[in-house]
Amino acid sequence: MDQAFTAIANRVSGWAGRPATFVIALAIIIGWGLSGPLFQWSDTWQLVVNTGTTIITFLMVFLIQNSQNRDAAAMQAKLDELIRAVDKAREGFVGIEHLTDDEICRLRSALEREVGASADKQGTANETVERLLDRT
């Protein structure tokens, strides 16, 4: 069942993220809006779009969450492999994604202090990006 769901989630996520899908959805909503006078703006006319969009949104939440979970897990596995492979990397960092938000914030702050990060992180980031761009 997991493989079937993953295959379906991948296909639907790929399809849903395309510009053509957005254009089709927009055309449906425009068509629905233009049909209002034909149905005299009835409650049933409104219920059709409300029900349809609610069902689609409800299902898409699960598909998007599944895709994000898989992407995050794959990224963590790749990072863990890099930590394992790099000689000077600290292997204690493998699996830190399981820490609480507070623990991760404290760890990040400690790392920033360790490397001497300044209080003006945005300024430092901008300088780093500018130096990188100057090299290209």
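Thresholds applied
- Residues numbered from 1 in each chain as written.
- Predicted model: local features only at pLDDT ≥ 70, side-chain atom pairs only at ≥ 80, totals over all residues.
- Heavy atoms only, no water.
- Helix = DSSP H or I, 4+ residues; strand = E, 2+ residues; numbered from the N terminus.
- Rg over C-alpha atoms; globule rule 2.2 N^0.38 Å.
- Contact = heavy atoms within 4.5 Å.
- Phe/Tyr/Trp six-rings, centres within 6.5 Å; stacked < 30°, edge-to-face > 60°.
- Buried < 20%, exposed > 50% of the residue type's maximum accessible area, 1.4 Å probe, protein only.
- Axes fitted to C-alpha atoms, helices over the stretch in contact; angles between N-to-C directions.
- Parallel < 35°, antiparallel > 145°, perpendicular 65-115°, else oblique.
- pLDDT = per-residue confidence, 0-100.
- Expected span 1.5 Å × (residues − 1).
- 1 Å grid on protein atoms, 1.4 Å probe; cavity = no way out; pocket = protein on both sides within 12 Å on 5 of 7 lines; lining within 4 Å.
- Points joined across faces, edges and corners; volume = space filled by probe spheres on them.
- Nonpolar A, V, L, I, M, F, W, Y, C, P; charged D, E, K, R; others polar.

The next point concerns the overall build of the protein. Counting secondary structure elements, the protein contains five helices and zero strands. Going from N to C terminus, the protein has its helices and strands arranged as α-α-α-α-α. Its C-alpha radius of gyration of 24 Å places the protein more than 25% over the 14 Å reference for a compact globule of 136 residues. Seen along its three principal axes, the alpha-carbon backbone of the protein occupies a region of about 70 × 40 × 35 Å. Expressed as a percentage of contacts within the protein between residues at least 6 apart in sequence, the contacts between residues at least 24 apart total 33%.

All right, on to the packing of aromatic side chains then. By the definition in use, this model includes three aromatic pairs. When the ring of Trp32 is compared with that of Trp45, the centres are 4.1 Å apart and the planes differ by 5°; the resulting orientation is stacked. Taken as a pair, Trp32 in helix 2 (residues 19–34) and Trp45 in helix 3 (residues 43–85) lie far apart in primary sequence, 13 residues in all. Relative accessible area serves as the criterion here: at 25%, Trp32 is assigned to the partly exposed category.

As a further point, take the packing of helix 2 against helix 3. Two numbers describe how helix 2 lies on helix 3: the axes approach to 11 Å, and their chain directions differ by 170°. Here helix 3 runs roughly antiparallel to helix 2, going by the angle between their axes. When helix 2 is examined against helix 3, the residues Ile29, Trp32 and Gly33 are found in contact with a partner set consisting of Trp45, Gln46 and Val49.

Per-chain confidence: the protein averages 88 in pLDDT, with 92% of residues scoring 70 or above. Averaged pLDDT values for the elements of the protein fall to 70 in helix 5 (residues 121–135) and rise to 96 in helix 2.

It is worth spelling out helix 3 at this point. Its 43 residues give helix 3 an end-to-end C-alpha distance of 62 Å, which sits within 8% of 63 Å, the value for a rise of 1.5 Å per residue. Within helix 3 the residues assigned to the buried category are Trp45, Val49, Met60, Leu63, Asn66, Ser67, Asp80 and Ile83. In the core, the buried residues of helix 3 are packed alongside helix 1 (2–16) and helix 2.

Moving on, we get to the layout of surface pockets. Taken as a whole, the largest pocket encloses approximately 510 Å³ of empty space. The wall of the largest pocket is formed by 18 residues, among which Trp15, Thr21, Ala25, Ile28 and Ile56 lie closest to the centre. At the level of secondary structure, the elements contributing two or more residues to the lining of the largest pocket comprise helix 1, helix 2 and helix 3. Broken down by element, the lining of the largest pocket gets its largest block of residues, nine residues, from helix 3. Counted by class, the lining of the largest pocket contains 15 nonpolar, three polar and no charged residues.

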